[in-house]
Amino acid sequence: MLPPGRSRFHGYVGLHAERVEGTWSHGGWWLRLLSLPRLWVVVVLGAIGVMQLAATPSAIDLAYHVKAGELMVEQRAVLRVDVLAWPTAGRPWLDQNWGAQVLLYAIWRVGGFPLVAVSSALCTVAAWGLVAAACRRRTASLRLIAGAVLAGYLASAPAFSARPQMFSVLLFAVELHLLEVARTRPRIALAIPLLMPLWANLHGAFVVGLGLVAMEAAAAAWRRDRPGVLRFLVVGALSAIGLLANPWGADVLAYAALLPANRVVTGMVTEWAPASMRDPAGAMLLAAIGVLVVALARSRAHARVPEQILRMALLAGLALWAVRASVWFGLALPVAICALARERAPRPADADRGVPLASGLVLAALAVALAVVLPPVRRAMVSDGPPRPELTAAPVAAAGWLAANPQPGRMFNLQPWGSYLEFRLGPQVKPAVDSRIELLPAERWHDYLAIAAGRWDAERLLDKWGVDYVVTGERRTPSLTASLTASGRWRLAFSHGDERVYVRVTPRTATTRLPGR
C-alpha cells in the first residue's frame, strides 16, 4: 500500500530516479573513468609518451650496445674482452650492461631502431605510471599526483633516452612502488632483493637501488622502529648478495662505484658534469630542488619529513654531482611531494565529474598525437621531404662508403661517431675511440682532444697513433679538416654533408707507434 498523498505514478518516478542514481554511482564506471582528475593523470602520462616518442634516439650510447648484443648472440657467450675499438682490442672488458645489450639487440632485430625508441618510451611511461601508483598510496588527490609527476618528469626529462639506462629507470620505479606498498604491508619489502640479480646484469644504477634501501633503514632508525631497521638491513644484505649473480661477481660493484669517480669520464661526458644553471637540464633540476625545499618547509606532516629528507638528500646530492643522476631524483620527487602534502577532505563526486564529450575529445587528441609521433607514421608523413634519420650522431653516409670501400690500416674518428661506426662496420673495422670513455687512459684522451681541435701538432699525433685514415665532421672539427686539406699528405676520399673521410697519401713520419691490435 502506498503512503498517503502518493500515487502509483509518483512511486514509479521515485523508483526510476533511484535506478538512474544507482546507474551513475555504481553502474556508470565509464563516466567515473572520465572524471577530471583521472583524465589529468592520463593526459600527463600520455604527454610523457608523446615527448619520448618525438625525440630521435642518439647513437652515442645505443648503437654499440646493439652491436655488442649481436656479437654475444652469435657467439652464445658474454663478451669478456674488447673487440670493438683497436686501441683496446683483446684487453679485458667488464661489460656490465651485457644483459641490456642482448635485450636491445633482440628488440632491434624485430623492428630496428624505431622499435627500440618505442620500447624506451614504453619503459619511461610504465615507470611514471608506477610512480603515480606509489603516489596514490600517499594521497587521494589525483590532481596533486598529476602535477607532481609532471614536475618530476620536467626535472629529469633529458636523462630519459633509448639506452641500457631505460631498464634501470623501470626497475627503480618498481622499487619505489614496493617501498610504498611496504609501508602498510612490510613483507612486500622482501621482494626488492629479487630485482637485484636482474638489475646487476642490465645496468650499473643498481647502486642507487641499494641506496634507497639504506635510506629506508636510516629512516626506520630515526623513527625508533626496530623491526623496520632489522627488516631493511635484511633486505639490504639480501640485495647485496643478489647482485653477485652476474658473470663478474663482486667486480661489478667496484665498476659501478669507480666509474662516476673517473676524472676522465666526468671531464669529457657532459652528463657526468655537475648541475649548472647555465645548462637547461641543470636549471630544471635546481628548480625542482627548490620545489622540494618549499614542500618540506610548508609540510604539516612532520612525522614524514625526516624520511623524505633522508631519501631526497641522497638523490639530490647525486643529481647535483652528476646531471645524469637527475633521473633518480625526478622519479622520487612526486612521491616526496605527495607524502609532504597537506591532507584535504575528498571532493564531492559531482565536482570532479567530467563532461564525456570533452573528455573523449581530449583522449582522442592524445591518441592522435601518440600515433603521429610513432616513427613509421612520422616517416610516412614527411615522405616528400628529406627522410628523418633514425639516429642522431650517426655518420650513415661515411659508414656506408667505408663498407663499400674498405680502407687498410687504422682509423681515427670523431668520438661521438665511434658507436655508430662500430655498429655498422665492427668488429672487422675498428674505430679509435667510442663511448666507453673509461677504457682509455687520460693521456690517450688528451691526444684525441688535441687532434680533434686541429692543434699545431695534430699530424704528428696522427703519426704517433699510426693512423691511416680519418673519419670526422667539417662543422665539428673545422681546424682539423682545414689542416688535413692543406697539408698535402691527406686526400679527401669522401664527402657528404658534414661527413668527411681523409686517406693518407704519403708515408707516416717515423715515430713511436702506439700499441694496438
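Refer to the structure presented above.
These notes cover the structure that comes with them.

Cut-offs and rules
Residues numbered from 1 in each chain as written. Predicted model: local features only at pLDDT ≥ 70, side-chain atom pairs only at ≥ 80, totals over all residues. Heavy atoms only, no water. Helix = DSSP H or I, 4+ residues; strand = E, 2+ residues; numbered from the N terminus. Buried < 20%, exposed > 50% of the residue type's maximum accessible area, 1.4 Å probe, protein only. Contact = heavy atoms within 4.5 Å. Areas by Shrake-Rupley, 256 points an atom, 1.4 Å probe, with all protein chains shown as cover. Salt bridge = Lys/Arg side-chain N within 4 Å of Asp/Glu carboxyl O. Patch = residues over 30% accessible without salt bridge, like charges linked within 9 Å, V, L, I, M, F, W, Y side chains within 5 Å. Lys, Arg positive; Asp, Glu negative; His and termini not counted. Charge placed at Lys NZ, Arg CZ, Asp CG, Glu CD. 1 Å grid on protein atoms, 1.4 Å probe; cavity = no way out; pocket = protein on both sides within 12 Å on 5 of 7 lines; lining within 4 Å. Points joined across faces, edges and corners; volume = space filled by probe spheres on them. Nonpolar A, V, L, I, M, F, W, Y, C, P; charged D, E, K, R; others polar. Phe/Tyr/Trp six-rings, centres within 6.5 Å; stacked < 30°, edge-to-face > 60°. Axes fitted to C-alpha atoms, helices over the stretch in contact; angles between N-to-C directions. Parallel < 35°, antiparallel > 145°, perpendicular 65-115°, else oblique. Left-handed = near helix turned anticlockwise from the far one by under 90°. Core = buried A, V, L, I, M, F, W, Y, C linked by side-chain atoms within 4.5 Å.

Helix and strand counts for the protein chain stand at 22 helices and four strands. Across the 517 residues of the protein chain, 48% fall into the buried class. For the protein chain, restricting intrachain contacts to residue pairs at least 6 apart in sequence, the fraction spanning at least 24 positions comes to 73%. Of the roughly 24600 Å² of accessible surface on the protein chain, 65% is carried by carbon and sulfur atoms.

So, on to the pattern of salt bridges. Taken as a whole and judged by the stated rule, the model has 20 salt bridges. Between arginine 311 and glutamate 216 there is a salt bridge, and its shortest N-O distance comes to 2.7 Å. Here arginine 311, found in helix 14 (residues 305-321), pairs with glutamate 216, found in helix 9 (residues 206-222); they are 95 residues apart in sequence, far enough to count as distant. For the salt bridge of arginine 436 with glutamate 422, the shortest nitrogen-to-oxygen distance reads 3.8 Å.

This part covers a positive patch on the surface. Taken together, the side chains of Arg298, Arg300, Arg342 and Arg344 make up a positively charged region of the molecular surface. With respect to the element layout, arginine 344 can be found in the loop between helix 15 (326-340) and helix 16 (356-373). You can call arginine 344 exposed: its relative accessible area is 67%.

Note on arginine 311: relative accessible area 3%, which makes it buried. If sequence neighbours within four positions are ignored, arginine 311 has contacts with Leu176, Leu179, Glu180, Leu212, Met215, Glu216, Ala332 and Val335.

Following the criterion strictly, the structure yields two cavities of 30 Å³ or more and no others. In this model, the largest cavity occupies a volume close to 90 Å³. Taken together, eleven residues form the lining of the largest cavity, with Pro375, Arg378, Arg379, Pro389 and Glu390 sitting closest to its centre. Those elements that place two or more of their residues in the lining of the largest cavity are helix 5 (98-136) and helix 17 (375-381). Split into classes, the residues belonging to the lining of the largest cavity amount to six nonpolar, one polar and four charged.

Turning our eyes to something else, we now look at the packing of aromatic side chains. For any pair of aromatic rings, the description consists of the separation of the ring centres together with the inter-plane angle of the planes. Considering all chains together, one arrives at 14 aromatic pairs under this definition. Seen from their ring centres, tryptophan 108 and phenylalanine 113 are 6.3 Å apart, and the 55° between their planes marks the pair as tilted. Judged by its relative accessible area of 4%, phenylalanine 113 falls in the buried class. Relative to phenylalanine 423, the ring of tyrosine 420 lies with its centre 5.9 Å away and its plane at 45°, an arrangement referred to as tilted.

The next subject is the environment of alanine 458. For alanine 458, the location among the structural elements is in helix 21 (residues 458-465). By relative accessible area, alanine 458 is classed as buried at 2%. Taking the C-alpha atoms as reference, alanine 458 lies 7.7 Å from leucine 480; in sequence the two are 22 residues apart. The contact partners of alanine 458, leaving out residues within four places of it in the chain, are Ala450 and Ile451.

Right, let's talk about the packing of helix 6 (residues 142-156) against helix 15 for a bit. Direction vectors running N to C along helix 6 and helix 15 enclose 160°, while the axes themselves pass 8 Å from each other. When the interaxial angle is binned, helix 6 and helix 15 end up roughly antiparallel. Seen along the crossing, helix 6 lies across helix 15 with a hand that is right-handed. Contacts between helix 6 and helix 15 involve Leu144, Ile145, Ala148, Val149, Ala151, Gly152, Ala155 and Ser156 from the first element and Ser326, Val327, Gly330, Leu333, Pro334, Ile337 and Cys338 from the second.

A few words now on a nonpolar patch on the surface. Taken together, Leu190, Leu230, Val234, Leu238 and Ile241 make up a surface patch of nonpolar side chains, about 450 Å² in accessible area. Tracing the backbone through its elements, the reader meets leucine 238 in helix 10 (residues 226-242). According to the relative accessible area criterion, leucine 238 is partly exposed, its value standing at 40%.

Below, the discussion takes up unusual backbone geometry. Cis peptide bonds are those with omega within 30 degrees of zero, and the linkage from glycine 426 to proline 427 qualifies with 0°. Assignment of secondary structure puts proline 427 in the loop between helix 19 (418-425) and helix 20 (442-452). Its identity is not glycine, yet arginine 76 carries a phi of approximately 55°, on the positive side. Within the secondary structure layout, arginine 76 lies in the loop between helix 4 (63-75) and helix 5. A relative accessible area of 78% means that arginine 76 is categorised as exposed. A positive phi angle, close to 60°, is found at arginine 224, a residue other than glycine. Inspection of the secondary structure puts arginine 224 in the loop between helix 9 and helix 10.

Note on soluble globular proteins: their nonpolar side chains tend to be buried together. If you look at the biggest cluster of nonpolar residues, it comprises 127 residues, and the most contacted ones within it are Trp328, Phe329 and Leu331. Among the elements that line this core, the one with the most residues is helix 5, at 13 residues. Apart from the residues within four sequence positions on either side, leucine 331 is in contact with Ala127, Trp128, Val131, Phe160, Val169, Phe172 and Leu176.

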